[in-house]
Amino acid sequence: MIEILNPAEVAKARKTGALVADILQSLKQRAVAGTNLLEIDRWAAAMIHDAGATSCYVDYEPSFGRGPFGHYICTAVNDAVLHGLPHDYTLADGDLLSLDLAVLKGGFAADSAISFVVGDSVDTESTAMISATERALAAGIAAAKPGARIGDLSYAIGSVLSEAGYPINTEFGGHGIGSTMHQDPHVPNTGRPGRGYELRPGLLLALEPWVMADTATLAMDPDGWTLRSATGARSAHSEHTIAITEDGAEILTLPSR
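This report concerns the structure included in the present document.

Here is what the cut-offs are and how they apply
Residues numbered from 1 in each chain as written. Predicted model: local features only at pLDDT ≥ 70, side-chain atom pairs only at ≥ 80, totals over all residues. Heavy atoms only, no water. Pairing = 2+ DSSP bridges. Helix = DSSP H or I, 4+ residues; strand = E, 2+ residues; numbered from the N terminus. Axes fitted to C-alpha atoms, helices over the stretch in contact; angles between N-to-C directions. Polar contact = N/O pair within 3.5 Å; in protein donor to acceptor, adjacent residues only side chain to side chain. Core = buried A, V, L, I, M, F, W, Y, C linked by side-chain atoms within 4.5 Å. Buried < 20%, exposed > 50% of the residue type's maximum accessible area, 1.4 Å probe, protein only. Contact = heavy atoms within 4.5 Å.

Quick look at the sheet that holds strand E10 (residues 218-220) now. Read across the open sheet, the 3 strands follow the order E3-E11-E10; overall the sheet is antiparallel. The open sheet has two edge strands with one neighbour each: strand E3 (80-82) and E10. Strand-to-strand twist of the sheet, defined as the mean angle between neighbouring strand axes without regard to direction, takes the value 45 degrees. Here 3 bridges tie E10 to strand E11 (residues 227-229), and the two strands are oriented antiparallel to one another. Following the sheet pairing, Leu218 is matched in E11 by Ser229.

Here it is, written out as C-alpha cells:
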C-alpha cells in the first residue's frame, strides 16, 4: 500500500515526527556509560505514554522477526545494526549505540534513528561511519522531490556510502510510512537513477542509510530480532521521516526545540 496524505494529514504526521525526534534526543542525553538498555526502553515507554502516543514496536510481528517485538525502541550496540532487541546490557564508555524509534500519534506514524558513541572516548572509525550514514541520508533527502523516482534517492544514498568505502546491504532499507509504520515503496540504500515509483506531494518516506564497517552480510541473534554484522565489525544507522512537498522534501523528524 502507498498512501498519499493531504496537507492536514501531513500536519498531524509533522507533530508525530517532532515527538519521535524529541524522545531520541532525550534518550541520547541520558544514555551514558553505566546505563542499561532496559532502562532506555523504560524511558522510551514512559515518554511515549506521557505524550498520548502509541508504540509501533510492542506488538510488531513481521515475517523477518520472532515477534511480537515486545519493546518500545530498538537498541543496537557496536556490531548490532538493526532491530536491536533491548536486553540486560550495561553501556560502556566507547560503545557505539544506535537508537531506532517509531511511534503513532494522531493517526500517523513517524520513524527515525540516530547513532552515537557513548561517553567521552574518541573513536575515529565509528565517528567516520556515523558521518557517512548522515551524509548519505542528507543526499537522499536532497534528491527527494516531486517527479523524482525511488531509484534517484537510492542512487544518491548509495553513492555517498560507496565513496566512503562501505559495503551496502539491500535486504533492509527505507520505506513508505503513513497511517502505519511500514508501507510501500521500499527504498534500497543503493540503486539506479530514473527507476521505480515516481514521488508525489503528500508521500511520506522513512529513509535510513545503515552500514557495517567491512561487510554487507548480516547475522541474526538467537533472540530472533537483532541483526549484527557477520564479521563482528561495528555498524551505524541514521534515519529521518520526510514528506514530499511541491518544493522538495520536508524533514518531519526534527526536534521541536
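What follows is about the side chain of Thr226. Turning to its location among the elements, Thr226 is positioned in the loop between E10 and E11. From its side chain, Thr226 meets the backbone nitrogen of Leu85 in a polar contact 3.0 Å long.

Of all hydrophobic cores here, the largest spans 24 residues; its most connected members are Leu27, Ile40, Ile73, Leu91, Leu97, Leu99 and Leu101. Elements with a contribution of two residues or more to this core: helix H1 (7-30), helix H2 (37-50), strand E4 (96-105) and strand E5 (108-117). When residues of this core are assigned to their parent elements, the largest contribution, 6 residues, is made by H2. Discounting residues that sit within four places of it in the chain, Ile73 has contacts with Leu24, Leu27, Ile40, Asp41, Ala44, Tyr57, Gly84, Pro86, Leu99, Asp100 and Leu101. The next biggest cluster of nonpolar side chains, apart from the first, holds 17 residues, and it includes Leu5, Cys56, Phe108 and Ala109.

The next thing to look at is the environment of Val77. Turning to its location among the elements, Val77 is positioned in strand E2 (residues 74-77). On the accessibility criterion, Val77 (10% relative accessible area) is buried. Distance from Val77 to Ser235, taken between C-alpha atoms, is 8.4 Å for residues 158 residues apart in sequence. Filtering out sequence-adjacent residues up to four positions away, Val77 remains in contact with Leu37, Tyr89, Leu91, Asp95, Leu96, Leu97 and Arg228.

So, on to unusual backbone geometry. Each neighbour pair has its own omega, and for Gly67 with Pro68 the value is -5 degrees, a cis peptide bond. Here Asp184 and Pro185 are connected by a cis peptide whose omega angle stands at 5 degrees. For Pro185, the position within the fold is in strand E7 (residues 183-187). Phi at Asn78 is positive, roughly 60 degrees, even though this residue is not glycine. Position of Asn78 among the secondary structure elements: in the loop between E2 and E3. With a relative accessible area of 17%, Asn78 lands in the buried category. The phi dihedral of His83 falls on the positive side, at around 55 degrees, and the residue is not glycine. Note on placement: His83 falls in the loop between E3 and E4.

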